[in-house]
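A structural walkthrough
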Amino acid sequence: MSHTLGIRQAQKQKTRQALLDAALGLLEEQSLSSLGLREVTRAVGVAPTAFYRHFRSTADLGVALVEDTLGSLHPMIRTTVSTADDSEQRVVRAVELIARHVDAYPAHIRFIARERHGGVQPVREAIREQLARFGQEVKDELAKDPESAGWSEDDLLMLANLYVDQMLITASLFLEAQEASSEERDRVIQVATRQMRLISIGRHHWLD
């Protein structure tokens, strides 16, 4: 009996993931607010009623996509602000990590970039909550750095959110440059590095 239940649960999880993957593919060309559940179920090859065994609505599916696409970013975000390297190495590593992530998961970045200010409120709120978590995690990492001595909690969180926002901007720039020339990609790397470096310079002098 337990074996049968295990098989059913695995199949249910497989169908759920297939719905998420199909939705993400369809969202390459449209916004979530225009996505119909029949489009998603047709892409997976299941009946429309099957959708409701996994999600209450397309908004609920969108929230699950946010958790999938941004949840995997937490380790990378923490790595970009690790105190193991000096500030210049940290900037270079951050830009490299973002570029690699965009190359590996372009649909994820496109979804977040489009829906962060999109028309589906639960999804906007889910993205905002995830980004707030990123900000808190980055703040905790920055607090370990001796350079953060004397900083208030509020100022550290402000700096953390600057880094998070810049990472999203950089990811969007790399996404736009995916189909462009290598010269355009090099330009994105230069601009992103300068922008991250500017934040670091401001940090060095904040307590002056």
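As shown above, the structure is provided for reference.
First things first, this report covers the structure right here in the doc. It should be emphasised that the depicted structure is a prediction, and the values quoted were computed from it without experimental measurement. (Residues numbered from 1 in each chain as written. Predicted model: local features only at pLDDT ≥ 70, side-chain atom pairs only at ≥ 80, totals over all residues. Heavy atoms only, no water.)

1. Quick word on helix H6 (residues 87-104)
Between its first and last C-alpha atoms H6 spans 26 Å; for 18 residues at 1.5 Å apiece the expected length is 26 Å, and the two agree. Within H6, burial applies to Arg90, Val91, Arg93, Ala94, Val95, Leu97, Ile98, Ala99, His101 and Val102. Elements in contact with the buried residues of H6: helix H5 (74-80), helix H7 (106-115), helix H9 (153-176) and helix H10 (182-205). (Helix = DSSP H or I, 4+ residues; strand = E, 2+ residues; numbered from the N terminus. Expected span 1.5 Å × (residues − 1). Buried < 20%, exposed > 50% of the residue type's maximum accessible area, 1.4 Å probe, protein only. Contact = heavy atoms within 4.5 Å.)

2. With respect to a nonpolar patch on the surface
A cluster of nonpolar side chains, contributed by Met158, Leu162, Trp206 and Leu207, occupies part of the molecular surface with about 400 Å² of accessible area. Tracing the backbone shows Leu207 in the segment after H10. (Patch = residues over 30% accessible without salt bridge, like charges linked within 9 Å, V, L, I, M, F, W, Y side chains within 5 Å. Areas by Shrake-Rupley, 256 points an atom, 1.4 Å probe, with all protein chains shown as cover. Salt bridge = Lys/Arg side-chain N within 4 Å of Asp/Glu carboxyl O.)

3. What about the nonpolar core?
The tendency in soluble globular proteins is for nonpolar side chains to be buried as a group. In this structure, Leu61, Leu65, Phe111, Val123 and Leu142 are the most contacted members of the largest nonpolar core, which totals 58 residues. Here this core gets ten residues from one element, more than from any other, and that element is H9. (Core = buried A, V, L, I, M, F, W, Y, C linked by side-chain atoms within 4.5 Å.)

4. A word on the packing of H7 against H9
Two elements in contact, H7 and H9, have axes whose closest approach is 10 Å; the angle formed by their N-to-C orientations is 120°. Regarding the angle of H7 to H9, the classification is oblique. Here the hand of the crossing between H7 and H9 comes out left-handed. Here Pro106, Ile109, Arg110 and Ala113 of H7 come into contact with H9, specifically with Ala171, Ser172 and Leu175. (Axes fitted to C-alpha atoms, helices over the stretch in contact; angles between N-to-C directions. Parallel < 35°, antiparallel > 145°, perpendicular 65-115°, else oblique. Left-handed = near helix turned anticlockwise from the far one by under 90°.)

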